[in-house]
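Analysis of the macromolecular model
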Amino acid sequence: MIAFEVNDMTCGHCASTITKALKAADKDAKVQVDLATHRVQVEPVSADAAELAEAIRDAGYTPVAVEAAAVEAAGPKRRSCCGGC
Ligand SMILES: [Cu+2]
């Protein structure tokens with residue numbers, strides 16, 4: 001299980017964009033999104049953590065590996081959204 005915090009994922013449209021991006025990177029992956037906590041959990045089949053993070057970035061979002069979240073929290077946060085909400 002790989003988990004990311006995606007703080008610029010703010011609505012259902014963001015969540016579905018990210019889910020699609022992850023499935024495109026690893027079509028058999030199990031993806032679970034929790035909008036309230038901005039968490040994305042992935043059970044990958046063929047992709048590794050770096051590829052999954054890349055897929056989220058390519059979709060226009062900023063994934064933070066949950067282990068690294070405390071470090072990243074000190075930095076500036078992007079506040080933009082997908083425009084779909
Ligand atoms: Cu959105």
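For the structure, see preceding data.
Residues numbered from 1 in each chain as written. Predicted model: local features only at pLDDT ≥ 70, side-chain atom pairs only at ≥ 80, totals over all residues.

**As for helix α2 (residues 49–58)**
Three or more residues of α2 are buried, namely L52, A53, A55 and I56. When α2 is viewed along its axis, its buried side chains cluster within an angular range of 155° and face the same direction. α2 presents A50 and D58 as exposed residues on the side facing more than 90 degrees away from its buried surface. Where α2 is buried, its residues meet β1 (2–6), α1 (12–25), β3 (39–43) and β4 (63–65). In the segment just after α2, G60 is the residue with positive phi, at about 105°. (Buried ≥ 20, exposed ≤ 12 C-beta atoms within 10 Å, placed from the backbone. Helix = DSSP H or I, 4+ residues; strand = E, 2+ residues; numbered from the N terminus. Arc of directions from axis to C-beta. Contact = placed C-beta atoms within 7 Å.)

**Re the environment of A65**
Considering the arrangement of structural elements, one finds A65 in strand β4. Overall, the presence of 16 C-beta atoms within 10 Å leaves A65 in the partly exposed class. Setting aside anything within four residues of it in sequence, one finds A65 in contact with F4 and A49.

**Thoughts on the pairing of β1**
Pairing between β1 and β3: four bridges, direction antiparallel. Along β3, the bridge assignment pairs A3 with Q41. Across three bridges, β1 lies against β4 in antiparallel orientation. Residue F4 lies in a different strand from β4, and its bridge partner there is A65. (Pairing = 2+ DSSP bridges.)

**As for the packing of α1 against α2**
Contact geometry for α1 and α2: axes closest at 9 Å, N-to-C directions at 135°. When the axes of α1 and α2 are compared, the pair comes out oblique. α1 and α2 meet at a crossing whose hand is right-handed. Together, I18, A21, L22, A24 and A25 of α1 and E51, L52, A55, I56 and D58 of α2 make up the contact between the two elements. Here the residues of the contact of α1 with α2 are counted per class, giving eight nonpolar, no polar and two charged. (Axes fitted to C-alpha atoms, helices over the stretch in contact; angles between N-to-C directions. Parallel < 35°, antiparallel > 145°, perpendicular 65-115°, else oblique. Left-handed = near helix turned anticlockwise from the far one by under 90°. Nonpolar A, V, L, I, M, F, W, Y, C, P; charged D, E, K, R; others polar.)

As far as function goes, none of this settles anything; it's purely spatial.
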